[in-house]
Amino acid sequence: MGLFSFLTQDIAVDLGTANTIIICNDKMVVNEPSIVAIDRKTEKVIAIGEKARQMQGKTHDNIKTIRPLRDGVIADFNAAEQMLRGMIKMASVNSKFFSPSLRIVVCIPSGSTEVEVRAVRDSSEHAGGRDVYMIYEPMAAALGIGLDVEAPEGNMIVDIGGGTTEIAVISLGGIVSNKSIRIAGDDLTDDIQEYMRHQHNIRIGERTAEQIKIHVGSALSELDEPPADFIVQGPNQMTSLPVEVPVSYQEIAHCLEKSISKIEIAILGALEQTPPELYADIVNKGIYLAGGGALLRGLDKRLTDKLNIPFHIAEDPLRAVARGTGIALKNVDKFSFLIR
């Protein structure tokens, strides 16, 4: 048995649209952006993760940067496989003499179709996985937050990732009602790019829009502790001359209004489908926010005021799903909700 466990490596993978996190032996060994840089001529991988992100928007004709996942699912099968393989290598899972067989738990959006599930399984197997298990993201988030998912009581999770917002009511180790919408962090970034073009006549890239979201992103136009304005530099659309524009959090709250409203409607939709007994549990306990989107200033307060149910931001929301995937990995034989 000792030799067998030495030859088998267990890893948990949070394969996200924006970031991929790998956990091995209870430690987070990889936390990198989900981006690959590939040589167009040879189709060889040049860089993965942070190094590839630094190249984004700055490449020449021979190099292309790819984000293999869009809207939470694999959009480019080959790039996804290369990225997974490279990140597993980063986790230094392979030794010089042999490659241990991998047992992998990967999380997937709760709204995944058969084809999308198969794409994740195939990518994981091609990247070296011998046993591949899958767990739905909201279930992983609930485990990561520390909720007892197998108890006969309702827990509600809203996981706002890069590509999808996953909303689920969980009870007795299963998802009772769920909604998965393709409005999430990436859409908020797109909204900001669009707004800067129309409102300030300035062209900005994805990375700058992401910076604006981090520094002055807000869901409310009135905050108790407002952040300072963020200075954006870029070319004027008409003249191509450089301009500097200060951006306030009120402006960003206004430009994200539409997307956040869609998330609110989806949460209401999931609550409508919830059985009354579980609904009572949720009202008493509140709803948990996870994922990078949970860090948007004032989002919990806005949702609490809107729905009259308390919203709690998970501790370290960015890594909640990854932590939960790690817990699922330790309990592969115990949890019945893992998809084989």
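Predicted model, so just to flag it, every value in this text is computed and none were measured.

**Student:** Tell me about the overall build of the protein, and please be specific about residues and values.
**Tutor:** When helices and strands are tallied, the protein shows eleven helices and 17 strands. Seen through its principal axes, the protein has C-alpha atoms that stretch 65 × 60 × 35 Å. A total of 340 residues make up the protein; the buried ones form 52% of that total. Restricting the contact set of the protein to residue pairs at least 6 apart, pairs at least 24 apart contribute 63%. Of the accessible surface of the protein, which amounts to about 16100 Å², a share of 50% is contributed by carbon and sulfur atoms. Where the 35 positive side-chain charges of the protein centre and where its 45 negative ones centre are 7 Å apart.

**Student:** Explain the layout of surface pockets to me, using residue names and the numbers behind them.
**Tutor:** Within this model, the largest pocket holds a volume of roughly 1100 Å³. When residues of the lining of the largest pocket are traced back to their parent elements, those giving at least two are β2 (19-24), β3 (27-33), α2 (50-55), β11 (155-160), α6 (185-200) and α7 (206-216). Per-element accounting of the lining of the largest pocket gives the leading share, six residues, to α7. Looking at the lining of the largest pocket residue by residue, the classes come out as twelve nonpolar, 17 polar and 16 charged. Domain assignment of the residues forming the lining of the largest pocket places at least three in each of domain 1 (148-181 + 257-314) and domain 2 (184-253).

**Student:** Account for the side chain of E166, naming residues and giving values.
**Tutor:** Residue position: E166 is located in strand β12 (residues 165-171). It is R182 that comes nearest to the buried, bridge-free E166 among opposite-charge side chains, at 7.3 Å. A distance of 2.5 Å separates the side chain of E166 from the side chain of S110, its partner in a polar contact. Engagement of the side chain of E166 in a polar contact is seen with the side chain of T164, the distance being 3.0 Å. In this view, E166 contacts P109, S110, G111, E137, P138, I157, V158, D159, K179 and S180; residues no more than four positions away in its chain are not counted.

**Student:** Outline the side chain of E264, listing residues and values.
**Tutor:** With respect to the helices and strands, E264 occurs in helix α8 (residues 249-272). Polar side-chain contacts of E264 include one of 3.4 Å to the side chain of K306. Among all residues touching E264, those that are not within four sequence positions of it are R302, L303 and K306.

**Student:** I'd like to hear about the sheet that holds β12, residue by residue, with values.
**Tutor:** Pairing is mixed in the open sheet, where five strands are placed in the order β13-β12-β11-β16-β17. Here the strands that pair on one side only, and so sit at the sheet edges, are β13 (174-181) and β17 (311-313). With direction set aside, neighbouring strand axes in the sheet form an average angle of 20°. Where β11 meets β12, six bridges bridge the pair, whose relative direction is antiparallel. Looking at β12, one finds that I160 is bridged to T165. Set on the sheet, α8 makes contact with β11, β12, β13 and β17; between it and β13 the angle comes to about 155°.

**Student:** Now, about the domain arrangement of the protein: what can you tell me, with residues and values included?
**Tutor:** Split into domains, the protein comes out as domain 1 (148-181 + 257-314) and domain 2 (184-253). Per-residue buried area on domain 1 facing domain 2 is highest for S259, L296 and R297; these three make up 48% of the total on that side. Taken together, domain 1 and domain 2 are joined by zero salt bridges. Connecting domain 1 to domain 2 are ten residue pairs in polar contact (both at pLDDT 80 or more). Classifying every residue of the side of domain 1 that touches domain 2 by side-chain character gives four nonpolar, seven polar and four charged.

**Student:** Give me the pairing of β2: which residues, what numbers.
**Tutor:** Extensive coverage of β2 is indicated by the burial of five of its six residues. Both strand β1 (residues 8-15) and β2 contribute to a ladder of five bridges, which runs antiparallel. By the bridge assignment for β2, V13 is matched with I22. Between β1 and β2, which follow one another and run antiparallel, lie three residues. Hairpin geometry of β2 and β3 is characterised by an intervening segment of two residues between the two adjacent antiparallel strands and by a positive phi of about 50° at N25.

**Student:** Report on the nonpolar core, specifying residues and quantitative values.
**Tutor:** Among the nonpolar cores identified, the biggest contains 45 residues, and M156, I192, M196, I212 and I267 are the most heavily contacted of them. At ten residues, the largest contribution of residues to this core is made by α8. Lining this core are residues from two domains, each supplying at least three of them: domain 1 (148-181 + 257-314) and domain 2 (184-253). Judged by nonpolar contacts, the second largest core, of 29 residues, contains V13, I48, I104 and M134.

**Student:** If you had to explain empty space enclosed by the protein to someone new, which residues and values would you point to?
**Tutor:** Across all of its chains, the model carries one cavity of 30 Å³ or more by this definition. As a volume, the largest cavity reaches approximately 40 Å³.

**Student:** Pulling in residues and values, what's your account of the pattern of salt bridges?
**Tutor:** In this structure the tally under the stated criterion is 19 salt bridges. In this structure, D186 engages R67 in a salt bridge whose closest nitrogen and oxygen atoms are separated by 3.2 Å. Of this pair, D186 sits in helix α6 while R67 sits in the loop between β6 (63-66) and β7 (69-70), and the two are 119 residues apart along the sequence.

Rules of the game
Residues numbered from 1 in each chain as written. Predicted model: local features only at pLDDT ≥ 70, side-chain atom pairs only at ≥ 80, totals over all residues. Heavy atoms only, no water. Helix = DSSP H or I, 4+ residues; strand = E, 2+ residues; numbered from the N terminus. Buried < 20%, exposed > 50% of the residue type's maximum accessible area, 1.4 Å probe, protein only. Contact = heavy atoms within 4.5 Å. Areas by Shrake-Rupley, 256 points an atom, 1.4 Å probe, with all protein chains shown as cover. Lys, Arg positive; Asp, Glu negative; His and termini not counted. Charge placed at Lys NZ, Arg CZ, Asp CG, Glu CD. 1 Å grid on protein atoms, 1.4 Å probe; cavity = no way out; pocket = protein on both sides within 12 Å on 5 of 7 lines; lining within 4 Å. Points joined across faces, edges and corners; volume = space filled by probe spheres on them. Nonpolar A, V, L, I, M, F, W, Y, C, P; charged D, E, K, R; others polar. Domains from an automatic or database assignment. Salt bridge = Lys/Arg side-chain N within 4 Å of Asp/Glu carboxyl O. Polar contact = N/O pair within 3.5 Å; in protein donor to acceptor, adjacent residues only side chain to side chain. Pairing = 2+ DSSP bridges. Axes fitted to C-alpha atoms, helices over the stretch in contact; angles between N-to-C directions. Buried area = accessible area lost by both parts, 1.4 Å probe. Core = buried A, V, L, I, M, F, W, Y, C linked by side-chain atoms within 4.5 Å.

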